[in-house]
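# Overview (structure and organization)
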Amino acid sequence: MKSFPFKHKGWLYGLAFLIALALRFIALGASPLTDSEATLALQSLALTRGESPLLAPQSAYILFTAVLFAIMESANFLARFLPALAGSVLVFAPYFFREKIHPRPALILAFLFAFDPGLVALSRQANGTMLAVTFLLFAWGMWNHKRLIPAGVFAGLALLSGPSLWAGLLTLGLTYLFICGMKPNAAKAQPSLENLEAPIVNPKSSISQLSITNPQLLISIIVAFLLGGTLFFTVPSGLSAALSSLIAYLNGWVAPTTASPGRILFTFFVYESLGVFLAALAIFRALRTNGKRAKRLTIWLGVALLLAAFYRQPAELAWAIVPLLTLSAFELARLFEIQRGEYKEVGIVAVALSILLVYTWFSVSGIALNPYSQFPVALPFFGEVQNARMLALLGSLAIVIACVALAALGWSARIARIGATFAFTVFLGIYAMATAWGASGLRNPNGVELWSVDPRAIQADLLLASVNDLSEFSLGHPQSQPVIISGVASPALEWALRNHSAQTAAVLDAQAELPIVITPPMDSLGLTFAYRGQDFLWRGQPQWANLKAQDWLKWLIFRELPMEHETIILWARDNLFPDARGGK
């Protein structure tokens, strides 16, 4: 494949990095932390306060975030800072594989990493998933370039990143076994010249010349693991937490979750539509031409997708997104190889199909506005049609297919194929950018995204504002009054009230003069003092068991689903209010 010299296009990696930063950092702290995010953030906060909490098996995130909290302050933005930074830096990973996948696909892959909706969503979650992906890919890339010390450092940090690392290693290990099993026996015994020259295995690569038992590599891994896992020997418990990550990953196979394999696959195909379309073309091409590189990536994609589906955690789809986007980059690189004499015909086909696709999308949007309504219409040849809008949608899709067929008959199959590929790529590319914007929470703060299984905090900001007002009314400072949480198991609630010395209590002392109490719905606290109560919507999640096809269609356009909410009550002692008499 003919590629432009990388030295003239290196600045484009910087542009991809800036785009990744924008999508991952804009309004990063606007949405409240979920329970799983808050669990890790609270452990980081406890370390900064000199406490010794039992750490979750994500040492890298917890320890390094604790450093940020100690330097500045605990905030939603800083709780998500490291994953967002790791997700942004990931765009440089293709540069270290440019010899294998060629400079042009590597550069395209960097931009795909920057815009990908799934990677954007996962980068804005406060956990170690993106740390594991980035550190492992960088360790692999450095090892390919025989830079053993950086490879060891990144490998050591990857070991501290949590259970997601083991999902990645298992995926790569099974992929390697499948690839080895597909080779003929003769090829196993003595690799042929064709196998040695396969783009995915460079004979000059460090993989064929270096061993993982190299002392320089091992020492780098051990030093990074020890220093990072103990935060330079200040938090020894970080090592035990890191060593328990494998057990945590294995327990995840049997842990209860609201996600199903079908919903995991649905998440993948809906969010990764552009990648699925381009990767499908690349896979079809590989089957016709016996492309070894694409076949190996296809095996990686299939293994990763199956493991993520049965593990039932959307975050593990990150290991399927990497090979998917790599296949997409190969196909996009070929898409630009158009002969000069084909520009006009390809342009006409692409523009015509783009207009039809936009019309089709408007048809889908019209149905999603009111998916349950039907308008019977009498049409020639069809008689009375109960849902005319659905018939219009099917008709628009038929016109798209007919347009491609006519282009193939009138010009050539190549013109039709390239024009259709351009049209669908542009259309799905715009959809992917809009989906990435939505996955970041910027388009609709109350929208339902599928990349987390945790319920969302609905009125966290309103609850915190009410507590701050009560504190300021009574003591003159918005963070002076302590808060007692009783009967509500929610780390996200503890995180939201972290500056109010929030404490949990299984049973309330009837004689205690508690200023502010948060409980589940109840008529009264049953305490000696008088209290005023206000209900708040705390957590909300879709009614997964009752969703219908029409609900999913509406979600596709507006990211809205029927929700079920959990209500909590904020109780404040009566004498905290300015209008109270006989108390302050």
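First things first, this report covers the structure right here in the doc. Note that this is a predicted model, so its numbers are computed, not measured.

Looking now at the pattern of salt bridges. The tally for this structure, following the rule as stated, stands at nine salt bridges. Notably, a salt bridge pairs R539 with D35, separated by 2.7 Å at the nearest N-O pair. Residue R539 is located in strand β7 (residues 531–542), and its partner D35 is located in helix α2 (residues 35–48); the two are separated by 504 residues in the primary sequence. On the accessibility criterion, D35 (13% relative accessible area) is buried. When the shortest N-O distance is used, the salt bridge between D574 and R532 registers 2.7 Å. Pair noted here: D574 is in the segment after β8 (563–573) and R532 is in strand β7, with a separation of 42 residues, a long-range link. By relative accessible area, R532 is classed as partly exposed at 30%.

Our next topic: unusual backbone geometry. Non-glycine residue K146 carries a positive phi angle of around 60°. Positive phi outside glycine occurs at F233, with the angle close to 65°.

Bringing the packing of aromatic side chains into the picture now. Taken as a whole and assessed by the stated rule, the structure comprises 25 aromatic pairs. A ring pair is formed by F135 and F154, whose centres lie 6.3 Å apart and whose planes are at 35°; its orientation type is tilted. Taken together, the positions of F135 in helix α9 (residues 129–144) and F154 in helix α10 (residues 148–159) put the pair 19 residues apart, joining distant regions of the chain. The interplanar angle of 25° and the centroid separation of 6.1 Å between the aromatic rings of W544 and W552 together place this pair among those described as stacked. Using a relative accessible area of 21% as the deciding quantity, one classes W552 as partly exposed. By way of ring pairs, the aromatic residues Y13, Y95, F96, F135, F138 and F154 are connected into one cluster.

Time to look at the sheet that holds strand β6 (residues 516–519). Taken together, the six strands give an open sheet; going across it, the order is β3-β7-β8-β6-β4-β5, and neighbouring strands pair in mixed fashion. Looking at the sheet topology across the chains shown, the edges are occupied by β3 (456–457) and β5 (503–504).

Moving on to the packing of helix α17 (residues 261–271) against helix α19 (residues 292–311). The contact between α17 and α19 brings their axes to 8 Å, and the two run at 135°. The orientation of α17 with respect to α19, classified from their angle, is oblique. Contacts from P261, I264, L265, F268 and F269 of α17 reach α19 at L301, L305, A308 and A309. Residue classes in the contact of α17 with α19 are distributed as nine nonpolar, no polar and no charged.

What counts, and where the lines are drawn
Here, residues in each chain are numbered from 1, in the same order as that chain's written sequence. Residue-level local features of this predicted model are given only where pLDDT is at least 70; pairs of side-chain atoms are given and counted only at 80 or more, and the full residue set underlies all totals for whole chains, interfaces and linings. The side-chain values count all of the structure's non-hydrogen atoms but skip hydrogen atoms and water molecules. Every case where a carboxyl oxygen of Asp or Glu lies within 4 Å of a side-chain nitrogen of Lys or Arg is listed as a salt bridge. Working definition: helices are DSSP H or I runs of at least four residues, strands are E runs of at least two. Numbering for both runs from the N terminus. Working definition: with a 1.4 Å probe on protein chains only, accessible area under 20% of the residue-type maximum means buried, over 50% means exposed, and in between means partly exposed. Stacked, tilted and edge-to-face are the three classes applied to pairs of Phe, Tyr and Trp rings, where Trp contributes its six-membered ring and a pair requires centres within 6.5 Å; stacked means planes under 30 degrees apart, edge-to-face means over 60, and tilted covers the rest. Here a strand pair is declared whenever DSSP counts at least two bridges between the two strands. Simply put, an axis is a line fit to the C-alpha atoms, just over the touching stretch for a helix, and the angle between two N-to-C directions goes from 0 to 180 degrees. Convention used here: angles under 35 degrees read as roughly parallel, angles over 145 as roughly antiparallel, angles from 65 to 115 as roughly perpendicular, and any remaining angle as oblique. Any two residues having at least one pair of non-hydrogen atoms within 4.5 Å are treated as being in contact. Only Asp, Glu, Lys and Arg are considered charged in this grouping, and only Ala, Val, Leu, Ile, Met, Phe, Trp, Tyr, Cys and Pro are considered nonpolar; every other residue, Gly among them, is considered polar.

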